[in-house]
Amino acid sequence: METTEAREARGAEAQRLPAPPPSPAEAPAASQTPAAPRARPRLVFRTQLAHGSPTGKIEGFTNVRELYAKIAEAFGIAPTEILFCTLNSHKVDMQKLLGGQIGLEDFIFAHVRGETKEVEVTKTEDALGLTITDNGAGYAFIKRIKEGSIINRIEAVCVGDSIEAINDHSIVGCRHYEVAKMLRELPKSQPFTLRLVQPKRAFDMIGQRSRSSKYPMEAKVSSGRETLRLRSGGAATVEEVPSEFEEEASRRVDDLLESYMGIRDPELASTMVETSKKTVSVQEFARHLDSVLGEFAFPDEFVVEVWAAIGEAREACG
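Residues numbered from 1 in each chain as written. Predicted model: local features only at pLDDT ≥ 70, side-chain atom pairs only at ≥ 80, totals over all residues. Heavy atoms only, no water.

**Q** Describe the overall build of the protein, naming the residues involved and giving the relevant values.
**A** Looking only at helices and strands, one finds eight helices and twelve strands in the protein. In the protein, buried positions account for 42% of the 318 residues. Of all intrachain contacts in the protein linking residues separated by at least 6 positions in sequence, the fraction that spans at least 24 positions is 64%. (Helix = DSSP H or I, 4+ residues; strand = E, 2+ residues; numbered from the N terminus. Buried < 20%, exposed > 50% of the residue type's maximum accessible area, 1.4 Å probe, protein only. Contact = heavy atoms within 4.5 Å.)

This is the structure in structure tokens:
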């Protein structure tokens, strides 16, 4: 018979022996859980004032207004001083205009208010020859001037000029499509006044008018495989660079926006292309556009043309 002392000694020995490894079926669930995804690094962008400044660093913005506020803070200026930004070029280059996406390695140049000027224009034709865009923070400005047009004959008006007022009526805070509509509705043969603000320029930019009438495409400047997409509502997201189809479709839609409305807006065009991917018919596409972009009040014939252009881009890109 085993004594009490022997049983206690045997139990103590058992406690000192290592426990056998658990079988796969008995392994705790935690050991089978995949590792948590690695946190993304902080997104820090370099920036300068386009007419010349030290280099600043900015981070923590989710839309254009916040971006301007960060740049203004870095240089000790008011956010309302910033007219627009270009990527990787300090010049007034509309092919490098900051839109809804920034490449993770892009360098941001902020163009600030320069001189104010007033010009008198007589509308002798239905179209002035202007393409309008806006900076997403309250300023509409001239993105393109058509050669041979009314505005083309007025030397004082340049690409990059912000339109501050029409006939002393301030349009600060208006979207680009609203400004384009106001200009289209002005009566013919009656002079009107434009108050413009030109961006402050570096020495090597003085004398440039930057009025190329046709670009091969609206370039999206990106030096990396991922971009930071800024949204008018909601947080910014890091996304893969758009596919060939998305770029081609957005370019075609942007061309249609200029033809129908006198505006160019790569971000708006991209939103329309994204909306099309969620629909299977032009009728469904029209309903979705109305729900997300109803303030534009796109005419039916324009929506049909956009749907067709997106389809053509899909076929062209295979």
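That covers the picture; the talk isn't over yet.
**Q** Describe the pattern of salt bridges, with residues and values.
**A** Where charged atoms of side chains with opposite charge meet at close range, the side chains can pair. Applying the stated criterion to the full structure yields 18 salt bridges. Notably, a salt bridge pairs Arg195 with Glu164, separated by 3.1 Å at the nearest N-O pair. Residue Arg195 is located in strand E10 (residues 191-199), and its partner Glu164 is located in strand E8 (residues 162-166); the two are separated by 31 residues in the primary sequence. You can call Arg195 partly exposed: its relative accessible area is 22%. Given the relative accessible area of 15%, Glu164 is considered buried. (Salt bridge = Lys/Arg side-chain N within 4 Å of Asp/Glu carboxyl O.)

**Q** How would you explain the side chain of Asp106 if you had to name every residue and give the values?
**A** Structurally, the position occupied by Asp106 is in the loop between strand E4 (101-103) and strand E5 (107-122). Salt bridges are absent for the buried Asp106, whose nearest opposite-charge side chain, Arg46, sits at 8.2 Å. One polar contact links Asp106 to Asn88, side chain to side chain, over a distance of 2.9 Å. (Lys, Arg positive; Asp, Glu negative; His and termini not counted. Polar contact = N/O pair within 3.5 Å; in protein donor to acceptor, adjacent residues only side chain to side chain.)

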